[in-house]
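# Coordinate analysis (summary)
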Amino acid sequence: GRFWPVVAGALATVTLLQVLANFANDYGDFTKGTDTAAGRNDRALASGAIPVASMKRALGITALLALLTGIVTLIVAFVPGAISGTEGGNLDAARMGLLGALGVAGIVAAMRYTIGHNSYGYQGLGDFYVMLFFGWIGVFGVGLLVAHHVSVSWALPALFSGCMSVAVLNLNNLRDHESDALAGKNTTVVRLGFRGGKIYHVVLLALGWGALGMFFLGPWNEGVWRGTLWYGLIALVHARHAVDVWRCDTPKDLDPELKRVALSSFLVVLFMFMDQTLTP
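What comes next concerns the included structure.

### Remarks on the packing of helix 8 (residues 194–217) against helix 9 (residues 228–247)
Across the interface, helix 8 lies against helix 9 with an axial gap of 10 Å and an inter-helix angle of 170 degrees. Judged by the inter-axis angle, helix 8 sits roughly antiparallel to helix 9. Two secondary-structure elements touch here, helix 8 through Arg195, Lys198, Ile199, His201, Val202, Leu205, Trp209 and Phe216 and helix 9 through Tyr231, Ile234, Ala235, His238, His241, Ala242, Val245 and Trp246. Its residues assigned to classes, the contact of helix 8 with helix 9 comprises eleven nonpolar, three polar and two charged.

Put into structure tokens, the structure is as follows:
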């Protein structure tokens, strides 16, 4: 009785957190002078599409909505009798408190990527935080929210999710590495250089798919996963993507690759979710 409401609440919360991160990135890069009208007319503030005051209001409203949806989702997941038809039981205050703290940390992390004097995105720590929140915390946190327990084997799909998310960030950083360097935004690509960033990208893809392959082939699954041919086809798409990124010499030509890796990675997650919820 709780499953679908909890999944819907988790989806709404993480979507709001992603929107919050995008707003914060737009605001932080603009106020630091990294994004200018000449270089980033696709950004809301840099292009002059909206005023700074409106973006600040959007940041506050989105953060509040993420907090509220997160609280409601925790109540539905852990408070006995919170929704009609749920089973009784004891309040699991420890798990509820842990996930609540992680949710608040997610809101802070989303805003601190580029906002503030010591924003971690400008110190080259964006990759670490993306791996942490889109990988380990994202998978284990939602797993704990839905199932009320975790499994060590979930570390492997968590690594895949984190690597693919860092790959998306890395593509952004590859595309913008010249302007980032001029603005003092010391991303991983700025530190490694354009060629080093491309090597790093290929390593991320290989590590992520290696982890997912180990998860599917490991003894803990006992044949419960179906449709692995689809995962193989998406892996081939990512292999071609890796080749195209490696051959790319013009940063702006990486824009189409952002959509390719993001959407295909989402398909992997969607197939895994459907496999476990829509099949007998």
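### A closer look at the nonpolar core
Trp209, Val268 and Met272 are the most contacted members of the largest nonpolar core, which totals 36 residues. Put simply, the parts of the chain that give this core at least two residues each are helix 4 (126–147), helix 5 (155–175), helix 8, helix 9 and helix 10 (255–277). Here this core gets ten residues from one element, more than from any other, and that element is helix 5. Ignoring sequence-local partners within four residues, the contact set of Val268 consists of Phe160, Trp209, Leu212, Tyr231 and Ile234.

### Describing the packing of helix 2 (residues 52–78) against helix 3 (residues 93–112)
Look at helix 2 against helix 3: their axes get within 10 Å of each other, and the N-to-C directions meet at 165 degrees. Classified by the angle their axes make, helix 2 and helix 3 are roughly antiparallel. Here helix 2 runs over helix 3; the crossing is right-handed. For the pair helix 2 and helix 3, the contacting residues are Ala63, Ala66, Leu67, Leu74, Ile75 and Phe78 in the first and Arg95, Met96, Leu99, Gly100, Val104, Ile107 and Met111 in the second.

### Considering the environment of Val6
Tracing the backbone shows Val6 in helix 1 (residues 3–31). A relative accessible area of 3% means that Val6 is categorised as buried.

### Here's the deal with the pattern of salt bridges
Where charged atoms of side chains with opposite charge meet at close range, the side chains can pair. Counted under the stated rule, the structure contains eight salt bridges. We note a salt bridge from Asp244 to Arg260, for which the minimum N-O separation is 3.2 Å. Taken together, the positions of Asp244 in helix 9 and Arg260 in helix 10 put the pair 16 residues apart, joining distant regions of the chain. Arg260 sits in the partly exposed class, given a relative accessible area of 28%. Among the ionic pairs, Glu257 bridges to Arg260, the shortest N-O distance being 3.4 Å. On the criterion of helical spacing, the pair formed by Glu257 and Arg260 is a turn pair, its members being three residues apart in helix 10. Via salt bridges that share partners, Arg240, Asp244, Glu257 and Arg260 belong to a single interconnected network.

### A word on unusual backbone geometry
At His148, a residue that is not glycine, the phi angle is positive and equals roughly 65 degrees. Within the secondary structure, His148 is located in the loop between helix 4 and helix 5. We classify His148 as partly exposed; its relative accessible area is 27%.

### Description of the packing of aromatic side chains
Taken as a whole and assessed by the stated rule, the structure comprises eleven aromatic pairs. Residues Phe3 and Trp4 carry aromatic rings whose centres are separated by 5.0 Å and whose planes lie at 80 degrees to one another, so their mutual orientation is edge-to-face. An aromatic cluster is defined as three or more aromatic residues linked by ring pairs; in this entry it consists of Phe215, Phe216, Trp230, Tyr231 and Phe271. The ring of Tyr122 has Lys32 sitting right over it, with the charged end atom 5.1 Å from the ring centre. The lysine or arginine in question, Lys198, covers the ring of Trp246, its NZ or CZ lying 5.6 Å from the ring centre.

Rules behind the numbers
Positions within a chain are numbered from 1, following the residues in the order the chain's sequence is written. Side-chain atom pairs in this predicted model are given and counted only at pLDDT of 80 or more, local residue features only at pLDDT of at least 70, and totals for whole chains, interfaces and linings cover all residues. In computing side-chain properties, one takes all heavy atoms of the structure into account and sets aside hydrogens as well as water. Lines fitted to C-alpha atoms define the axes here, with helix axes fitted over just the stretch in contact, and angles between the N-to-C directions of these axes take values from 0 to 180 degrees. Elements are defined by DSSP. Helices are runs of H or I of four residues or more, strands are runs of E of two residues or more, and each kind is numbered from the N terminus. Angle categories: roughly parallel below 35 degrees, roughly antiparallel above 145, roughly perpendicular from 65 to 115, and oblique for all the rest. Contacts between residues were defined by any pair of non-hydrogen atoms, one from each residue, lying within 4.5 Å. Residues were grouped as follows: Ala, Val, Leu, Ile, Met, Phe, Trp, Tyr, Cys and Pro as nonpolar; Asp, Glu, Lys and Arg as charged; and all remaining residues, including Gly, as polar. Here, nonpolar core means buried Ala, Val, Leu, Ile, Met, Phe, Trp, Tyr and Cys residues that are tied together by side-chain atoms lying within 4.5 Å of each other. Buried means the residue's accessible area, taken with a 1.4 Å probe over protein chains only, is under 20% of the maximum for its type, while exposed means over 50%, and partly exposed covers the values in between. The hand of a helix crossing depends on one turn: near helix anticlockwise from the far one by less than a right angle means left-handed, and clockwise means right-handed. The working definition used for a salt bridge is a side-chain nitrogen of Lys or Arg within 4 Å of a carboxyl oxygen of Asp or Glu. Only rings of Phe, Tyr and Trp enter the pairing, Trp through its six-membered ring, and a pair is recorded when the two centres are within 6.5 Å. The plane angle decides the type: under 30 degrees is stacked, over 60 is edge-to-face, the rest tilted. The rule for a charge over a ring is simple: NZ of Lys or CZ of Arg within 6 Å of the ring centre, and within 35 degrees of the ring normal.

Spatial relationships are all this shows, so hold off on functional conclusions.
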